[in-house]
Structure formats: C-alpha cells, structure tokens
Amino acid sequence: MLVRDYMTRHPLMADPDMSVVEARRFMGENNLRHLPVVGEGKRLLGLVTRQTLLVDPGRLGSLNVWEIADYLSRLTLKDVMVPADEVITVGPDVPVEEAARTMVEHRVGCLPVVDENIVIGIITEVDLLAHLAEMMAAGVPAVRVTVRMPDVRGELAKLVTAVSAQGWGILALGGAPAPRKPGYWDAVVKIRGIAQKEVVTALSQVEGHEIVDVREA
Amino acid sequence: MATERPGVGSPREVPILRVENLAISYETRYGEVTAVRDVSFEIGRGETLGIVGESGCGKSTVAFGIVNFLGRNGRIVSGRILFQGQDLVGRSERELRRLRGDRIAMVYQDPMQALNPSLRIGDQMAEVLIVHRRMKKDEAEERCIRMLERVYMPDPANVMRRYPHQLSGGQQQRVVIAMALLNDPALLIMDEPSTALDVTVEAAVLDLINDLQEEFDTAIMYISHNLGVIARVSDKVAVMYAGEVVERAAAEEIFLHPSHPYTLGLMRCVPRLGMEKASSYLHPIRGRVPPPNRLPPGCVFEPRCDFARPECAERRPPLKRLTDGHWVRCFFADEVASKGQEALAARWRKEATVHEPQREPTETILTVQDARVYYSVPARRLFSREKPVVKAVDGVSFHVPKQRTLGIVGESGCGKSTLVRAIIGLEKLSGGGMEFMGFDISVPVSKRDLDLIRNIQMVFQNPDATLNPSFTVGFQIARPLRRFRAVPKDRVKDEVIRLLNLMKLDASYYDRLPRQLSGGEKQRVAIARAIAARPELVLCDEPVSALDVSVQAAVLNLLLEVQRELGTTMLFIAHDLSVVRFFCDDIAVMYLGQIVEIGPAEAIYAPPYHPYTEALLSAVPIPDPTAEQRQIRLSGSVPSALNPPSGCRFHTRCPRREWLPDGGRICEVEPPPWQADTEEHRILCHIPLEQLRRMEAVVSEEVRDAG
C-alpha cells in the first residue's frame, strides 16, 4: 500500500513552452485538473491547475482588445505555472496515508510522484478515495457494523475474537477515534455472508462495546 | 481484497496512443504510393496491441509513422496520431522531439543494429541516462545494473563491462529492452523483437515482456508476423493487410471468432502444434499481397478471397462494428464468422484423411552410424600440444526408411545443418560412417560418382542465395536434367515445364529471371530444381522459414505432394516445431551435436519426453490465447561446442535434474544411456523411463485433441 501501487503511471504532461490557450484546450479535452510541466528527461519544472490558468483581470485592465489577444497568445505555461520548488510532491515509496496527510496539510488535490526530481506518476485525491473505497470493500455486499469501544489496548482484539468465535471472516476492518467522544474508538467491520441480526446478537454480547451503527452495505 | 476497483477509477481514461484514420505515403519513381490507409486504433496504459500481417502489409510503416522515422520520401498524408492527448502530426522536428522525448521507445528485430558494437554495454546504457536525465556517471551505472537485473540478465555487473558481440542474441535483446525501459517510456513499440531468436529464447523474452508490462504499466505496440507470438503477448489485436486494418478486436475474440477472410486465412495456413500430416491439410491463401501502387479498386483482399462476390470488386468495404470492440472490414463478416467456425473446426478434425501414412516397415535408405564432424580451430596459445576442436556433430546415429520424412529440430548451433551438409558431402566426416542405398557415402562430394550425387539433392533456406541471378528459371531447372542426363536432350524443355506445373507455376516462368519472382516462387523453383533429377533423398534445410505464413503453407503442401507423387525420402530441418510435427513422420531432437530423442512424430510430442524436448515444446507459441501450455524455461544459452559439458551435455540447463537422487550428480559425470520407450522411440537420459512417462503433456489434453 505504497504510493507506487496507487499512482497513475505515465500521466499526461506538458512542455513549459506550451501556450496557455493550448493548455486550456488540452486540459479540457482530456478532462484534466492538474498538469505537471516537465523539461528534458521528464524533470519536474512546475505544475498547472485550472486555477493557475485563470488570468488575473487586473493585469488586463490597462490593455485594449488587441493587446489582450497578443498578451494571451504569448503567455506560456512557464509564465503561469507553480514553479517546481513550490510544488508539493511525494516519493513512490511513501505509504498512501502519508500522501493523504500531505495533501490534507497543504490543501492540494494532487501530488506529482517524483523519483529524484523525475516525474514517474501522479496521485490525486481520486486515487486515494479509490484506495479508501477498496480498503473498506465498498460495493461488496456485506453487513457493515460500527462498534464504539474504549480507546484501550486489547479492546479491538475482543471484537475480532468475538467475530472469529462465530467462524465468520472479516471482509474489511477500519478504525478511527470516535467523533466528539474523546477516549473512545470507532471500529468498522464488514462481515460477509451472514444476516444482520446474527451479527448484532453476537457482537452485543461483547463487554464494554456499543453498536452505534449497523447496516447491509 | 478485490483486485479491481469496483465502481471507481477514472471514467474516461485517455489512451496512451490513439491513431485516427492514418494514411502514409511514399514518394517513389512510380509517383506517390500510399502504403498505409485509414488505420485507426488505440492503446491504453499497460495494454498490448498486437499488429499482425504478412510482410509488406504496412505494419512497420505505421510504427515508423508514429516515431516520425519515415525517411525523406515518406510522409503522413492525413489522420491524427494522438500520443498522451497531443497530436504528433504536423509538428516541427523540434516540437516532436520534445513531445515524444523519452516517452516512446522502440525495440527492433535485430538487437545488433540497436547496439553500438564499439562501446561497452555499460557505457551505451548509461549514456541514455546521462544525456536525457543529466545523471552522474556512477549513479547512472547503478541504475543500469538494476535494470539489467529486472530483465533477468545473469551477472549484470559483468555484462556492463562487455561488448555487444560477447553476448548471445537473447542477451543482446535483453540489453536492448532494458535500455528502452531505462527512461520509463509510456509507449514501447516492438517490431518483431523475438523473430531472430531461437524458440526457447523467444519464449523467455515474451515472458519478460509480460512481466515488465505489469511492472511499468507501459503501453506496448507489438508487431509480428507470427500469430502464436501475438496470441501470447497481446490484449488486443489488429490484423493488417495491404496497408489497411482489416480486423480489430480483443485477442481472445479474434482467435476464437475470426471474422475477416484474411484473418481466417492466416489461421488456417499455420500448422498447429499437434497437427499431423496424415490428418490435415494446410490451406494457403492463394495469390500474394498486392504491391501498394497496384491495389484492387474494391476490397483489397478481394482477389485472394474465397468469400468474394461481385460487389467486393466494386467498392471498398468500410470498417464495421461486429460486436463491442470487434471491428471488421468486410461486407460479409457475419457469414465469414460462422463459416470460419466450421472451417477452423474442420482443420482440426482428425477424420479428414488426406493421405494414409505408410506404417509398414520399408527398406532403409539412409543409415548414419556414429557420425562425427569436428572442426579444428586455431589454438589459443602458440605452442599448445592439444589442438582445440569444435565437435559440431558428435556420435549421431539414425536410419531413414524409404519414403519417410525425418525431421531434425534443435536450437541454433546444435549441429543440425552440419549433419545435413555431411550427408550431402559438403563436410568431411571425422569419424563414423554413412550409407545410402547400400553405398558408402562417408566421402566428400568431389569423390562421389554422378549417380550418387543425382540421388541426394538439397533445398536451402534462402532461395536468393541458391538461384543464380543471371540465369533464367528454365535454364536453372534444366541444368540438373542435362547434367545427370535424366531425360533425353530434346525433351528437357518439356520436362522443365512439367516440373514448373508440378510447382503450380505456369510455362511463362520459363524465361523469367529470379529477381522477377517473389520469395515463395523462388523457393518453388529451388524445389523444382532439387527434384528435377528424381533424387531418392531430398535434404531440406529450413526450406520455409524465410517465407510468409501463407506462402509457407503453399510450399509445405507442395513438398508433401511431391513426396506423395515421387515417393521421395526427405530429411527436414526446421526450428518451428509445429511445422516439423506437421511435415514429418519421424523426428530427431538434437542438442549440442547429439541426438537426445528420436522416434515417430506423435511419440515425440507426447510424454515421455526428454527434458530438452519438453522445454522446446513448452516454448512453442500457440496461436490460441486459451490454449493451456505449461511453462518450462531453460536458463542460459547453449554451451560452447568447443568445450561441451561433461556427462550429459544438457545437464547445465536441465530443469528435471532434481528428479534424480543427489540433485543429478550422475548427469555431470556419466554420459546418459539410451532408453527405449518403444522399439522406435528412444530417449538419451539418466532419468528412468517410468518417471519420464509420468510427465504431464506440455499442451493440455483437450487442445491436443482439438489439434
């Protein structure tokens, strides 16, 4: 579960001399939101997003219509891109959750994946969400139960033991601190091929645990 | 955990390469000639598109068009080539170089042409990184070593210091592939990358390509004339004919439901592994690929098509959709698809007996007893006592009954050609004896009498090299007739024309020169010349390997007819095991100058196998992606015949050695004994027959039944 496994290899990339007009068309046609700008040897030079392509109206204010056309036609990606030293990047051997944290921290939707400054892929919020969905086995029919337990070592083991005592298999398992309830932990378990009622019966007997949500998912 | 991501992933992924209505033409002295027309296809990330067709169909032209390598006289007339979303057509050289940069790599057929013979492997590989990525030298070298490891190169650090000529063909091709991948290209174009390699090496290279693709997610455009290779590597297949894509579909779909007459024709003209001549007939495609300046007005395939109707000659069929993702350029695709099923099934049916094999024992025509051919090579040291010798053929014994065909198979360098050359008298025997119809033939050809020479004739691999370019076809066929006085002088011309007719060539060929003939026609003339004097024995050294598949089928059928009609005995060398199986009654498998297994064809292709035969069979590419074939790969290359391994010569590469106690110690010290499975089927191996019998068939049972 490293970035290299979830990134998109061989992303679409642009040349620093590409005109902004062409870049807009290129991104539109191919439904791109992020476009790494690379030089010789796929060396990262910068990053273009749809925002960076928006031209500041203030700069055009003093120009007449002919000058605007001329200004736009001369404008290339190297004039508007976020330069490489300001682009947040990630390495291929970083765990995906670290990549997610980096994206949250910097409020960016995509990270170029670089290996010694050479772009080898790109990882976006969609890739990470895909990973999340996969981790939680989204779309696979099963009973999904959320259990709230004290944030103490051994509590999760109690839950897992209770499940395996029934001879059931765990399809997916995830956990996070309980929202607005310090000192507690919420664990989500997906169990396949069993009725919801049976799951509730079995898990409600675990001491100190509370079922906060159960559904067929 | 689910391997695919259900319901997620980008909804509309941009293909790595998208070719739309591409047309390419060349300026020639006949004016502008369109070599490729209306070609469209897509290759996604991590996908392999196989492009298949005979020579002259425009496969390579498409590849060259993509990398703008058409030469001075070639140009893209129309269409778009979208590489990673950006159009490559109509851009300046500089722009192209930047767009394409190091994101497209190519691997060609001959690795020696891609490598600089005067630079060490390490230097030329590292250069890629130093130039493109401005990497430091030691860092670049370290990366190169890691890449060589990835392509399973043994001892990569050592290979880095060698020159290209110090590597075998398979290793060279690995270096080229490693070099192509150094820059992590998005698109890899491979033009017949395994064609020049031995079948076992080819199999290893194809496995490698599959592995690497998974790891690098590279889009691959794979060009080959070999349907079996295409079936093994491709996800999607495009069949090209005369500059057009005539059929395009997912690999399985195209092999199971071929719907264009040409695709069907291609499949019907290759022998499948397990097909035997007693029960089957190859269906060659008549005629040949039209030259691009003389294309038929309607459908390009119409003149050769068995399904053609009048309208086919009038207008060009459009590419139409048959099912999802299956496109065919034929008016009658549905009909072809359904008839095709029958035709393919009929091909594999056993009852359609074309000719009864002669199983009753006949007299032996050729006996080879312990034949040896040694070449002495210059000593390494000036005053060395022993003279090193290459034992090209070392103790080979077999006999060929009259009117039968013995096939000889083995990797290059195993001595099969040397053996044949010794029989015809071009090589001097260093030991042993050979007898032909009771005469001793262990003497060179210069000492043989005329009648003996007349009775042993040969067909070579390359007809260009055997036909004298300055004499007419008629003269060349007449020459043996005159020389051996096979017919009275006044009837020579009639006889030549009769021979031409037998070869399905009409009398008009009498006055033609070899350069006016196609490859297949030349080979037919060469065969006509070989059989002109009615020899008892014809030696065929790879007679069809230089030919296109459709022509190959015609030539094979012709040889079979000749044999049936004249009762000729044949010795047939080929590296293609499906062809050998189809053509021969008996087969000898050779390894490093020795025969390791010999017997009737059907016995060779079923257990018990010699471990080497087993590996050879598992390497044969089968033109059916659903065929189950066990993977047995040999490591390393054939050892030098100068210094063959002790004991069993195959022990250095044998994958079955571990079956013997003590990891097969005995194989290293003791030469293996001959073990007889049946009276005719013998295996040279230490492993007991009972154990060899327990081997699984290489190609799964049901496929063999079907085949």
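All figures in this text were calculated on a predicted structure; none of them were measured in a lab.

### Re the nonpolar core
Ala178(B), Leu187(B), Leu571(B) and Val589(B) are the most contacted members of the largest nonpolar core, which totals 205 residues. Counting residues per element, this core draws most heavily on helix α20 (residues 549-566) of chain B, which supplies 8 residues. Ignoring sequence-local partners within four residues, the contact set of Leu187(B) consists of Ile16(B), Leu17(B), Phe83(B), Arg103(B), Ile104(B), Thr218(B), Ala219(B) and Met221(B). Judged by nonpolar contacts, the second largest core, of 32 residues, contains Leu32(A), Val37(A), Leu45(A) and Leu128(A).

### A few points about the interface of chain A and chain B
Contacts between the two partners involve 18 residues from chain A and, on the opposite side, 23 residues from chain B. Looking at the side of chain A that touches chain B, the elements with two or more residues in it are α2 (20-29), β6 (118-124) and α7 (125-135) of chain A. When residues of the side of chain A that touches chain B are assigned to their parent elements, the largest contribution, 3 residues, is made by α7(A). Classifying every residue of the side of chain A that touches chain B by side-chain character gives 7 nonpolar, 5 polar and 6 charged.

### Quick look at the pairing of strand β21 (residues 586-591) of chain B
Residue and element names in this part refer to chain B. Most of β21 sits inside the fold, with 6 of its 6 residues counted as buried. Across the two faces of β21 the burial is the same, with Asp-586, Ala-588 and Met-590 and Ile-587, Val-589 and Tyr-591 all buried. As paired elements, β21 and strand β22 (residues 594-600) share 6 bridges and run antiparallel to each other. Paired with Tyr-591 across the strands is Gln-594, a residue of β22. Taken together, β21 and the strand that follows it, β22, pair antiparallel across an intervening segment of 2 residues, in which Leu-592 is found at a positive phi of about 50°.

### Quick notes on the pairing of strand β3 (residues 44-49) of chain A
Residues and elements named next belong to chain A. In terms of burial, β3 is largely enclosed, as 5 of its 6 residues are buried. Where strand β2 (residues 34-38) and β3 come together, 5 bridges link them in antiparallel fashion. Note that in β3 the partner of Leu-35 across the bridge is Val-48. Between the antiparallel neighbours β2 and β3 lie 5 residues, among them Gly-41 with a positive phi of about 70°. Across 2 bridges, the pairing between β3 and strand β4 (residues 82-83) is antiparallel. Bridging across to β4, Leu-47 finds its partner in Val-82.

### Some remarks on the sheet that holds strand β2 (residues 31-43) of chain B
Residues and elements named next belong to chain B. The strand order across the open sheet formed by 4 strands is β2-β1-β4-β5, and the pairing between neighbours is antiparallel. Each edge of the open sheet is held by one strand with a lone partner, namely β2 and β5 (86-87). Sheet topology note: the strand β4 (residues 74-83)/β5 ladder contains 2 bridges and is antiparallel. Its bridge partner lying in β5, Leu-82 is registered against Asp-87. Helix α1 (residues 59-66) rests against β1 (17-28), β2 and β4 of the sheet, and its axis sits at about 75° to β2.

Quick notes on the rules
Within any chain, residue numbers begin from 1 and follow the written order of that chain's sequence. All chains are assigned letters beginning at A, and all ligands numbers beginning at 1, according to the order in which they are written. Note on the predicted model: pLDDT of at least 70 is required for a residue's local features to be given, and 80 or more for side-chain atom pairs to be given and counted; whole-chain, interface and lining totals, by contrast, use all residues. Only buried residues count toward a nonpolar core: Ala, Val, Leu, Ile, Met, Phe, Trp, Tyr and Cys, linked into one set through C-beta atoms within 7 Å. For every residue, the other C-beta atoms within 10 Å of its own C-beta are counted; 20 or more classify it as buried, 12 or fewer as exposed, and values in between as partly exposed. C-beta atoms are placed from the backbone. Put simply, DSSP H or I for four residues or longer makes a helix, DSSP E for two residues or longer makes a strand, and each gets a number counted from the N terminus. Note on contacts: each residue gets a C-beta atom placed from the backbone, and two residues are in contact if those atoms are within 7 Å. Any residue outside Ala, Val, Leu, Ile, Met, Phe, Trp, Tyr, Cys, Pro, Asp, Glu, Lys and Arg is labelled polar, Gly included; the first ten of those are nonpolar and the last four are charged. Between any two strands, pairing holds if DSSP finds at least two bridges. Angles here are taken between N-to-C directions and fall from 0 to 180 degrees, while the axes themselves are lines fitted to C-alpha atoms, restricted in helices to the stretch in contact.

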